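Descriptive analysis of the structure
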Amino acid sequence: MRSNSSLSRTWFLYGGIFLFAGILITKLFLIQIVNGELYSEKAHRQYVVPSRNIFDRGAIFFTERNGKPVSAATLKSGFTIAVNPSRLESANEAFDSLSKVIPLDSDAFFIRASKKDDPYEEIAKRVDEKSGLEIAELGVEGVITVRDKWRFYPAGSTASQLLGFVGYRGDTLSGRYGLEQYYDDILSRDPDRPYVNFFAEVFSNVGDSFLKGGNSREGSIITSIEPSVQGVLENSLAAIMEEWNSEAAGGVVIDPKNGEIYALASLPDFNPNYFSVVDDPSVFSNPIVESVFEMGSIIKPLTMAAGLDAGAVTADTEYEDKGYLLVDGARIENYDGKGRGVVSMQQVLNKSLNTGAAFVMEQMGKKTFKKYMLLFGMGDETGIDLPNETAGLVGNLDSKRDIEYVTASFGQGIALTPIATVRALSALGNGGTLITPHIVRKVDYKLGFSKTMVQNEQESVIRPETSEEITRMLVAVVDDALLGGTVKLENYSIAAKTGTAQIAREDGRGYDKDRFLHSFFGYFPAYDPQFLVFLYTINPRGARYASETLTYPFMDITKFLLNYYEVPPDR
């Protein structure tokens, strides 16, 4: 009996030791690994301003094609310089000493230095490490150097609207626009988490501290944005705007099979490191997800695919093109007003005939046409992980007037965001499914574990056989019709279509006669696409059609992607 009792006490003692060791290890992990940087920063600066919160925030990464992360948004260290006016022996001497190290506005400095009742007046922020340490070594009485951190975007304006920035919302720093806003709950850090004596905390509720602790959701995000692809897209958009004096331009490079976005950009943009000096705050918004446009003829392949899938037409179905239609008392014409006689559905795409798109719609009927357009996601948000997404304007599909359906068949009268357009067009080449466009691949949580973002189950829109047939037709557009077939690639199949749309007047009364939206999309290799590229530009001058403004930029991006990713030829 005594032996068993002694053994029990021994095991109880061992159990207590192991439990205590486990608690210590957990607490050391929390302090040294999870919060090590935070405590280190507190230690650095508590001799200056102990009560001041340290800015902290998770990082955002791009991903190179080899899987290597590249910093897109991080923290930069330096100093804030302040003065205690009541302790300044000589404001003039202090100004002379400091201005030799950092640039200072004399008027602002002396105004702050004159506030004798205020013990802390900031005179310079975001001072680099070298200059801050040099000022600290001067030992000027009344001058305070505060170690600081701030948000920094290493690539400047690259992907600025996609990233957003960190700014004040009221009295709180938080993500504004872009990924910074959408994932703010993950990227932000709790600045008010109190210090707790280590040994007192050891005996607190360890499990609750570890799992909650103010930071269980805190982490960094890894995106699918490939920096080289992003750079090529942005350079192409800049070249388009410069050559054609456009008002704006935008584009997306996406994997049409799984929705991963390699690049997303629009111009004009801004540098998030200096967002406070931007004259026009409208550039902070992302038109790819927030603005709607009447897309024009790139909608015709969707109409054609719906007709094929419904069995209303085939590629060889013919109709007589007179060059115009009379609908509800209005005259609807082809882009050039000319008729082509008896033509096939393939020629409808090759020649981009408005009357042909209307014919396809009429063959399947208004009800069926509307059903397919809604299946393609028109009128819905895509679910992309960016804030302020706008749903499309497709109210015309509820009209009883035939003309609304006729114009919708060739992309006028209904308005979509570029990202919703990209999602719909992706279904043409991926076997007929509706993807969820997304930017973030993975979240690395501060506690040490990761979570891969799982996308929603894809919905079927058209049959795989229809996807293959509309792809074949779009390949024929590139091989035979686009700039006379001069841009086709012998070893790669490319499915593509241009679009030129009138821009509605701001007063809502009809369309401007001389303002147009040009758009272009294409996916490749066509029958097993790895990429879909979408481009648009608003009101280019000196060119009437998108084939003139966007074909060569599209082909340049296509050739880059095929080479950069070493895509094997498919023909």
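Residues numbered from 1 in each chain as written. Predicted model: local features only at pLDDT ≥ 70, side-chain atom pairs only at ≥ 80, totals over all residues. Heavy atoms only, no water.

Re the sheet that holds strand S19 (residues 511-524)
In a beta sheet, neighbouring strands are held together by backbone hydrogen bonds and run either parallel or antiparallel to one another. Selection criterion: Should DSSP find at least two bridges between two strands, the strands are taken to pair. Labels follow the DSSP assignment, with helices taken as runs of H or I lasting at least four residues and strands as runs of E lasting at least two, numbered in each case from the N terminus. Lines fitted to the C-alpha atoms define the axes, with helices restricted to the stretch that makes contact. Angles between their N-to-C directions range from 0 to 180 degrees. Contacts are assigned to residue pairs that have any heavy atoms within 4.5 Å of one another.
Spatial ordering of the open sheet is given by S9-S8-S20-S19-S18, a layout of five strands whose pairing is antiparallel. Single-partner strands in this sheet number two, and they are strand S9 (261-267) and strand S18 (495-504). The sheet shows a mean angle of 10° between the axes of neighbouring strands, taken without regard to direction. Pairing of strand S8 (residues 248-254) with S9 involves six bridges; the strand directions are antiparallel. Within S9, the position partnered with Gly-250 by the bridge is Ser-266. Where helix H11 (residues 227-244) meets the sheet, its contacts fall on S8, S9 and strand S20 (531-538), and the angle it forms with S9 comes to roughly 30°.

With respect to the side chain of Thr-558
Note that Thr-558 resides in helix H21 (residues 551-564). Not counting the four nearest positions on each side in its chain, Thr-558 is found in contact with Ile-494 and Phe-524.

Things to note about the pattern of salt bridges
Selection rule: Between Lys or Arg on one side and Asp or Glu on the other, a salt bridge is scored when a side-chain nitrogen of the former is within 4 Å of a carboxyl oxygen of the latter.
Within the structure shown, the criterion is met by 26 salt bridges. Of the charged contacts in the structure, one is a salt bridge between Lys-366 and Asp-402, with a shortest N-O distance of 2.8 Å. On the criterion of sequence distance, the pair formed by Lys-366 in helix H16 (residues 366-375) and Asp-402 in helix H17 (residues 402-409) is long-range, its members being 36 residues apart. Look at the salt bridges and you will find they share partners, linking Asp-56, Arg-189, Glu-218 and Lys-446 into a network.

Some thoughts on helix H5 (residues 129-138)
Our working definition: Note on exposure labels: buried denotes an accessible area under 20% of the residue type's maximum, exposed denotes more than 50%, and partly exposed covers the range between, all computed with a 1.4 Å probe on protein chains only. The directions considered for the arc are those from the helix axis to the C-beta atoms. N or O atoms closer than or at 3.5 Å make up a polar contact, with two conditions inside protein: a donor-capable atom paired with an acceptor-capable one, and, for residues adjacent in sequence, both atoms drawn from side chains.
Every buried residue of H5 is listed here: Ser-131, Gly-132 and Ile-135. Seen along its axis, H5 keeps its buried residues to an arc of 100°; they face one direction. In H5, those exposed residues whose orientation departs by more than 90 degrees from the buried face are Lys-130 and Glu-137. In the core, the buried residues of H5 are packed alongside strand S2 (69-83), helix H3 (91-99), strand S3 (121-127) and strand S4 (143-152). The distance from a side-chain oxygen at the start of H5 to the backbone nitrogen of Lys-130 is 3.2 Å, and the residue carrying that oxygen is Asp-128.

Structural notes on the side chain of Thr-537
Considering the arrangement of structural elements, one finds Thr-537 in strand S20. At a separation of 2.8 Å, a polar atom in the side chain of Thr-537 contacts the side chain of Ser-246. Of note is the side chain of Thr-537, whose polar atom sits 2.9 Å from the backbone oxygen of Ala-248. Contacts of Thr-537, omitting those with residues within four sequence positions, involve Ile-240, Ser-246, Ala-248, Ala-249, Phe-516, Leu-517, His-518, Thr-549 and Leu-550.

A few points about the environment of Gln-363
Structurally, Gln-363 can be placed in helix H15 (residues 354-364). Accessibility expressed as a relative area gives 42% for Gln-363, which makes it partly exposed. Along the chain, Gln-363 and Ala-312 lie 51 residues apart, while their C-alpha atoms are 5.6 Å from each other. Not counting the four nearest positions on each side in its chain, Gln-363 is found in contact with Ala-312 and Val-313.

Focus: the packing of aromatic side chains
Going by this rule: Only the six-membered ring of Trp is used, alongside the rings of Phe and Tyr, when aromatic pairs are assigned; centres must lie within 6.5 Å, and planes under 30 degrees apart are stacked while those over 60 apart are edge-to-face, with the rest tilted. By the criterion adopted, a ring carries a charge over it if an Arg CZ or a Lys NZ lies within 6 Å of its centre and within 35 degrees of its normal.
With the rule as written, the count across this model stands at 24 aromatic pairs. On the basis of an interplanar angle of 90° and a centroid distance of 6.0 Å, the ring pair of Phe-165 and Phe-270 is categorised as edge-to-face. With Phe-165 in strand S5 (residues 165-169) and Phe-270 in the loop between S9 and helix H12 (287-290), this pair connects stretches of sequence that are 105 residues apart. By relative accessible area, Phe-270 is classed as buried at 5%. Ring pairs connect the aromatic residues Tyr-262, Phe-520, Phe-524, Phe-531, Phe-554, Phe-560, Tyr-564 and Tyr-565, which therefore count as one cluster. The ring of Tyr-324 has Arg-331 sitting right over it, with the charged end atom 4.0 Å from the ring centre.

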